[in-house]
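Overview (structure and organization)
Letter by letter, the chains look like this.
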Number of protein chains: 2
Amino acid sequence: MSDFSSLSSSPRRVRQANVAAALQAIFAGGQLSRADLARQLGLNRSSSGNIISELIGNGLVREVAEDAPKPTRAGRPGILLELVPEGACFIGVEIGVEHITALRIGLTAEVSDVRVVPFDGRHAPVAEAVDRAVAIALEGAASGEIERCEGFGLATPAQMDRRGRVRIAPLLGWRDVDLAAITREALPAGIPSLVENDANAFAIGEAYASRGRQRGVTLVLVIESGVGGGIVIDGQLFRGGNGLAGEIGHIHVPDADCAELEEAIGLELLLNRYRGVATAGDATLAGLLADVRDRAPAAVAIAEDWARHLAFALVQACRLVDPDRIVLGGSVAGLYPMVSARVAFHMETLQADSFPLPEIVLHEAAETGAAYGAACMLHQRFLSLENDLLAGDAMGKDWGSL
Amino acid sequence: MSDFSSLSSSPRRVRQANVAAALQAIFAGGQLSRADLARQLGLNRSSSGNIISELIGNGLVREVAEDAPKPTRAGRPGILLELVPEGACFIGVEIGVEHITALRIGLTAEVSDVRVVPFDGRHAPVAEAVDRAVAIALEGAASGEIERCEGFGLATPAQMDRRGRVRIAPLLGWRDVDLAAITREALPAGIPSLVENDANAFAIGEAYASRGRQRGVTLVLVIESGVGGGIVIDGQLFRGGNGLAGEIGHIHVPDADCAELEEAIGLELLLNRYRGVATAGDATLAGLLADVRDRAPAAVAIAEDWARHLAFALVQACRLVDPDRIVLGGSVAGLYPMVSARVAFHMETLQADSFPLPEIVLHEAAETGAAYGAACMLHQRFLSLENDLLAGDAMGKDWGSL
DNA sequence: CACGTTTGTGCTGCAATGCAACAAAATGCG
DNA sequence: CGCATTTTGTTGCATTGCAGCACAAACGTG
């Protein structure tokens, strides 16, 4: 039987929804006054002010100190508001095959403390890996920071269901483990946690990086040895029925020696082909990139095939998902800027009808992408107040005395 | 600048949300009592009763007359509630290439009056076609029914944007017309209207037909001359960035004489191939279906190729969209039941990993699908009270006297 | 028939918003 | 400089809608 309780609302929920909307508006819109906020939210100025004073009391919002450039407009100028970066802290960690990457973001989603530690993920038991990740993440936190920590997010290259049970993680050698439970137990009590597939986390992070673009459909590719992907719709991850949506790596590609995209544009194929024609020493991705940049014919040929196959897969994706933005991530995506024209050419050729092609951009968050994305998911959850922490806090504050 | 007003809420909106949740719960859950409703919505029994008495006053809900089979449980039995079928009426119309199909559904989404009228859509100006559609739809409505009409939905084979502007409709010969505006003007004042692509409407209708399954991801294919498609996520149409999501017809298919799915499994190819080997007279789809059923070798070969190409495209779609349910519609889908085993076989072969394949079912709503879907979209909108009609009504009623 | 259980319905209290009024702070004009 | 005008932030009051409580009604059980 379906549960409709999420649709119903009571006064408490009304307040919660409005507080959440206020936080999101300030996060997205930067600095605005109480009156601006009231207009954006469709509330009365008094309600807006009421909500803001609660948020200031909670230490989540503050008035901008420096006087803004006079807006040269009649009327009393509003006091601009902004989020307090230290108002909350979210930890994002990625357990990769070779490293553990940990970072923290604040309430404004700015990254504050990145650390990358070598770690052999191929032969580590789950519990050990998670313990290590937690240790690394908490290591740098000064006393007092932990209390403000509103979440711990873990990204791993594993296929897992919605509740955080890993079905299989070939790269890490995990199988049928309840990663969510293990993570919960490894953490100090009271810290909300979250586990997510690394490609999905990366996708959220890339969509989150540009605040203004949270609306719309973003398709994110992560191109390494394999090709992962994720779809973000209006800021929310689209998982599909089995959590496999966006797994573009297994799309069929014709005209290639191999059947799947993963094999046609992945790192392995590039290096295999490059091995015979490398200009200097070992065949590495960096070497290939350099050769393409220098327009060495053999390398350019490899890059152009890569572009053709990528373009084909992207067109297929456009026809099914119709994103308005495609983000290319992973180390191999470094090839894209040099062949972006080829990719666009092939896509236009394949798109018989003259429909607008989506914007294609390179990733913004480099290697920390997945960890950043995991932290962003917590941040997002916090701003929508799905956590009970703030709610309880706000109720606890004696608010009537004001 | 984004608009966050939809997130904020006032007491009025609280009521609206709760009334909407109540309607949806009764629609989905069939018959339940005030107390059941209160539990499902997480409200107090008194609030639930309050809402119900408003809805009864509005004529949207009533108490079930016949005594239900005694539930043999201690305690006072609850009075079961149900929607009043005549409480509201929604009209759905499809302007096709050869027919105009009109029907009405009531508050319980049951179809009440279907009429199919021959109409040559290929050479009809927009305004004329819409006028004709409105006339056909309103023709059968008895006086008094029109007042209860809460919406008019129009489905056409046209590519249009979110606001109902048709970009191009090759089959109907339309181009750059504001179909939404034309429809609004053709209707009596005060009736909310809606225009939608026929495949999209069909998709919504198929997802709506099974009430329990409104959650989840459904991929709908409409296979005729061309192949259209739509994706429904949790009961909502997923349009993508440009309203082209789910357009599976242009997916690439290998091993076929032609590059696109539309040409590989569409009606044209089937009839072309069948023309040489037809057992009886003209090559028609009905004839092909009969021959396949009789296991005529040539026809079976055609059907098996069809199954292989369909399976390939569906696997591609699964990898990107990962639906948990696929609905096959259109006349050509009649071929599916005879080759469902082949389709499943090919899909399992192509799915290297042993991930669960989605359930594949035949359409339920036959030819009336698109018109039904358009009506369902209005029904859905009505139940979520996005229309102002009921809200105004409810406010108008003097409620304090109760 | 008494008792427990569940439902439906009033009544009161509370939470959150909207409205109106007012002081504050800035611009613009004479 | 003084004053009208405009916009902001705050405060008191009314309104709305839900929760909690109590109570009568309806049903099964011993």
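One structure accompanies this document, and this report is about it. (Residues numbered from 1 in each chain as written. Chains lettered and ligands numbered in written order. Predicted model: local features only at pLDDT ≥ 70, side-chain atom pairs only at ≥ 80, totals over all residues.)

With that out of the way, let us pick up the packing of helix H9 (residues 285-293) of chain B against helix H10 (residues 297-321) of chain B. Packed helix pairs are specified by the crossing angle of their axes together with the interaxial distance, meaning the distance between the axes. Residue and element names in this part refer to chain B. Where H9 meets H10, the closest approach of the two axes is 8 Å, and the angle between their N-to-C directions is 105°. Accordingly, the angle class assigned to the pair H9 and H10 is roughly perpendicular. Here Leu 288, Asp 291 and Val 292 of H9 come into contact with H10, specifically with Ala 299, Val 300, Ile 302 and Ala 303. Taken together, the residues of the contact of H9 with H10 sort by class into six nonpolar, no polar and one charged. (Axes fitted to C-alpha atoms, helices over the stretch in contact; angles between N-to-C directions. Helix = DSSP H or I, 4+ residues; strand = E, 2+ residues; numbered from the N terminus. Parallel < 35°, antiparallel > 145°, perpendicular 65-115°, else oblique. Contact = placed C-beta atoms within 7 Å. Nonpolar A, V, L, I, M, F, W, Y, C, P; charged D, E, K, R; others polar.)

Residue and element names in this part refer to chain A. If you trace the three strands from one edge of the open sheet to the other, you get S7-S8-S9, paired in antiparallel fashion. Bordering the open sheet on either side are strand S7 (159-160) and strand S9 (174-178), each of which pairs with just one other strand. In this structure, S7 lies alongside strand S8 (residues 165-169), joined through two bridges in antiparallel fashion. Its bridge partner lying in S8, Gln 159 is registered against Ile 168. Seen against the sheet, helix H5 (residues 179-186) touches S7, S8 and S9 and runs at an angle of roughly 60° to S9. (Pairing = 2+ DSSP bridges.)

All names here are of chain B. Contact geometry for helix H1 (residues 11-29) and helix H2 (residues 34-41): axes closest at 10 Å, N-to-C directions at 115°. Our classification of the angle between H1 and H2 gives roughly perpendicular. Like other packed secondary-structure pairs, H1 and H2 cross with a definite hand, here right-handed. Listed contacts from H2 to Asn 18, Ala 21, Ala 22 and Ala 25 of H1 are Leu 37, Gln 40 and Leu 41. (Left-handed = near helix turned anticlockwise from the far one by under 90°.)

Moving on: the pairing of strand S11 (residues 217-223) of chain B. Residues and elements named next belong to chain B. Counting buried positions along S11 gives seven out of seven residues, so the element sits mostly inside the fold. Sheet topology note: the S11/strand S12 (residues 227-233) ladder contains seven bridges and is antiparallel. Bridged to Val 220 within S12 is Gly 230. Connecting S11 to the next strand, S12, in antiparallel fashion are three residues. Of the pairings in the sheet, the one linking S11 to strand S14 (residues 325-329) comprises five bridges and is parallel in character. Looking across to S14, one finds that Val 222 is bridged to Gly 329. (Buried ≥ 20, exposed ≤ 12 C-beta atoms within 10 Å, placed from the backbone.)

The environment of DNA strand D is made up of 29 residues, and the closest members are Ser 46, Gly 75, Arg 76 and Gly 78 of chain A together with Arg 76 of chain B. Those elements giving two or more residues to the surface near DNA strand D turn out to be helix H2 (34-41) and helix H3 (45-57) of chain A together with H1 and helix H3 (45-57) of chain B. The element that contributes the greatest number of residues to the surface near DNA strand D is H1 of chain B, accounting for five residues. The residue makeup of the surface near DNA strand D, split by class, is nine nonpolar, 13 polar and seven charged. (Near = placed C-beta within 6 Å.)

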